Amino acid sequence: MTDQKKKKLTPTQQQYQQLAKRHEPPRPLLKNFVRAFLVGGLICMLGQAIQEGFIHYFHFTEKTAGNPTVAVLIFLSALLTGLGVYDRIAQWAGAGTSVPVTGFANSIASAAIEHRSEGFVLGVGGNMFKLAGSVIVFGVTSAFVIGLIKTLMKMGG
């Protein structure tokens, strides 16, 4: 529920809301969907190409090539964020850049860059992990629960 629905609006505020809604340009949903699909797909294609490079040139197996591929994608995302390129791509593509692991790396790097003037520990470290902390805690907790379930299933037969 939005804040507008929680509090009572005066008749003048209600009229203004209706007027603003009438003059709001329609959102180009189909165009946004296509852009998100194309950019998200291109990021995934880049990841696949990097993984194939690790397999072909460095003789990784398909199973072991995943981790360095993700590391390279995270590095590229953080680098492009630092150069200001990733944000321009994200502004054009929308959700297509936020779904893959690169979007998570972008959000962490953006927080670090934004708060660097406050110092490395309290600024960069503290604000960078405000977002990442909850994701890391959820990931570790989920992995523990899944591991526990798998162990109990193996013990049970």
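Residues numbered from 1 in each chain as written. Predicted model: local features only at pLDDT ≥ 70, side-chain atom pairs only at ≥ 80, totals over all residues. Heavy atoms only, no water.

**Looking at the nonpolar core**
The line we're drawing: In this text, buried Ala, Val, Leu, Ile, Met, Phe, Trp, Tyr and Cys residues form a nonpolar core when linked through side-chain atoms within 4.5 Å. Here's how the labels work: a residue is buried when its accessible area is under 20% of the maximum for its type, exposed when over 50%, partly exposed in between, all with a 1.4 Å probe on protein chains only. Helix and strand labels come from DSSP, where a helix needs a run of H or I of at least four residues and a strand needs a run of E of at least two; each type is numbered from the N terminus.
Listed in full, the five residues of the largest apolar core are Ile-108, Ala-112, Val-124, Met-128 and Ala-132. If you list the elements that add at least two residues to this core, you get helix 6 (101-114) and helix 7 (120-156). No other element matches the three residues that helix 7 contributes to this core.

**Some details on the packing of aromatic side chains**
For clarity, the threshold we go by: Pairing of aromatic rings covers Phe, Tyr and Trp, the last through its six-membered ring, and needs centres within 6.5 Å; plane angles under 30 degrees mean stacked, over 60 mean edge-to-face, and all others mean tilted.
Taken as a whole and judged by the stated rule, the model has two aromatic pairs. For the ring pair Phe-54 and Phe-58, a centre distance of 5.7 Å and an interplane angle of 40° mean the geometry is tilted. Of this pair, Phe-54 and Phe-58 both sit in helix 3 (residues 29-58), separated by four residues, roughly a single helical turn. The class of Phe-54 is buried, set by a relative accessible area of 13%. With relative accessibility at 56%, the residue Phe-58 sits in the exposed group. Ring geometry for Phe-54 against Phe-60: centres 5.4 Å apart, planes inclined by 70°, an arrangement best described as edge-to-face.

**Focus on a nonpolar patch on the surface**
Going by this rule: Patch building starts from residues that exceed 30% relative accessible area and form no salt bridge, then joins like charges within 9 Å and nonpolar side chains (Val, Leu, Ile, Met, Phe, Trp, Tyr) within 5 Å. Each accessible area is a Shrake-Rupley result for a 1.4 Å probe, and residues are judged covered by the shown protein chains and nothing else. Any Lys or Arg side-chain nitrogen located within 4 Å of an Asp or Glu carboxyl oxygen qualifies as a salt bridge.
On the surface, Phe-144, Val-145, Ile-146, Leu-148, Ile-149, Leu-152, Met-153 and Met-155 cluster together to form a nonpolar patch covering roughly 860 Å² of accessible area. Along the chain, Ile-146 turns up in helix 7. Accessibility expressed as a relative area gives 55% for Ile-146, which makes it exposed.

**Details of the layout of surface pockets**
To keep things clear, this is the line we draw: Within this scheme a cavity is a closed region of a 1 Å grid, computed over the protein atoms alone, that accommodates a 1.4 Å probe without allowing it to escape, whereas a pocket is open but has protein on both sides within 12 Å along at least five of seven lines; lining residues each have an atom within 4 Å of a point. Grid points are joined across faces, edges and corners, and a volume is the space filled by probe spheres set on the points. Only Asp, Glu, Lys and Arg are considered charged, only Ala, Val, Leu, Ile, Met, Phe, Trp, Tyr, Cys and Pro nonpolar, and every remaining residue, Gly among them, polar.
Reported here for the largest pocket is a volume of approximately 180 Å³. Lining the largest pocket are Val-39, Leu-42, Ile-43, Leu-46, Leu-73, Leu-76, Ser-77, Leu-80, Tyr-86, Ile-89, Thr-97 and Thr-102. Residue assignment for the lining of the largest pocket shows that the elements contributing at least two residues are helix 3, helix 4 (66-82) and helix 5 (85-93). Looking at the lining of the largest pocket residue by residue, the classes come out as nine nonpolar, three polar and no charged.

**A closer look at helix 3**
Rules: One fewer than the residue count of a helix, multiplied by 1.5 Å, yields its expected span. Contacts between residues were defined by any pair of non-hydrogen atoms, one from each residue, lying within 4.5 Å.
Under the 1.5 Å per step criterion, the end-to-end length of helix 3 is 42 Å for 30 residues, consistent within 8% with the ideal 44 Å. Packing partners of the buried residues in helix 3 comprise helix 4, helix 5 and helix 6. The first or second residue beyond helix 3 is His-59, which carries a positive phi of 60°.

**Focus: the environment of Gly-94**
Summarising the element assignment, Gly-94 is placed in the loop between helix 5 and helix 6. Assessed through its relative accessible area of 34%, Gly-94 is described here as partly exposed. Taking the C-alpha atoms as reference, Gly-94 lies 7.4 Å from Arg-35; in sequence the two are 59 residues apart.

**Examining helix 4**
The terminal C-alpha atoms of helix 4 lie 24 Å apart, and with 17 residues this matches the ideal 24 Å at 1.5 Å per residue to within 8%. Of the surrounding secondary structure, the elements contacted by the buried residues of helix 4 are helix 3, helix 5 and helix 6.

**Observations regarding unusual backbone geometry**
Positive phi, close to 60°, is recorded for His-59, a residue that is not glycine. Look at His-59 and you get exposed, because its relative accessible area is 66%.

**Brief notes about the packing of helix 4 against helix 6**
What counts here: Structural elements are reduced to axes, namely lines fitted to C-alpha atoms, with helices fitted over the stretch in contact, and the angle between N-to-C directions of any two is expressed from 0 to 180 degrees. Angle categories are assigned with fixed cut-offs, so that under 35 degrees is roughly parallel, over 145 is roughly antiparallel, 65 to 115 is roughly perpendicular, and the rest are oblique. Two helices cross in a left-handed way if the nearer one is turned anticlockwise from the farther one by less than a right angle. They cross in a right-handed way if the turn is clockwise.
Between helix 4 and helix 6, the shortest axis-to-axis distance is 8 Å and the interhelical angle comes to 40°. Comparing the axis directions of helix 4 and helix 6 gives the class oblique. When you trace helix 4 past helix 6, the crossing you get is right-handed. Note on element contacts: helix 6 touches helix 4 through Val-101, Thr-102, Ala-105, Asn-106, Ala-109, Ser-110 and Ile-113, opposite Val-70, Leu-73, Ile-74, Ser-77, Ala-78, Thr-81 and Gly-82. When its residues are assigned to classes, the contact of helix 4 with helix 6 shows eight nonpolar, six polar and no charged.

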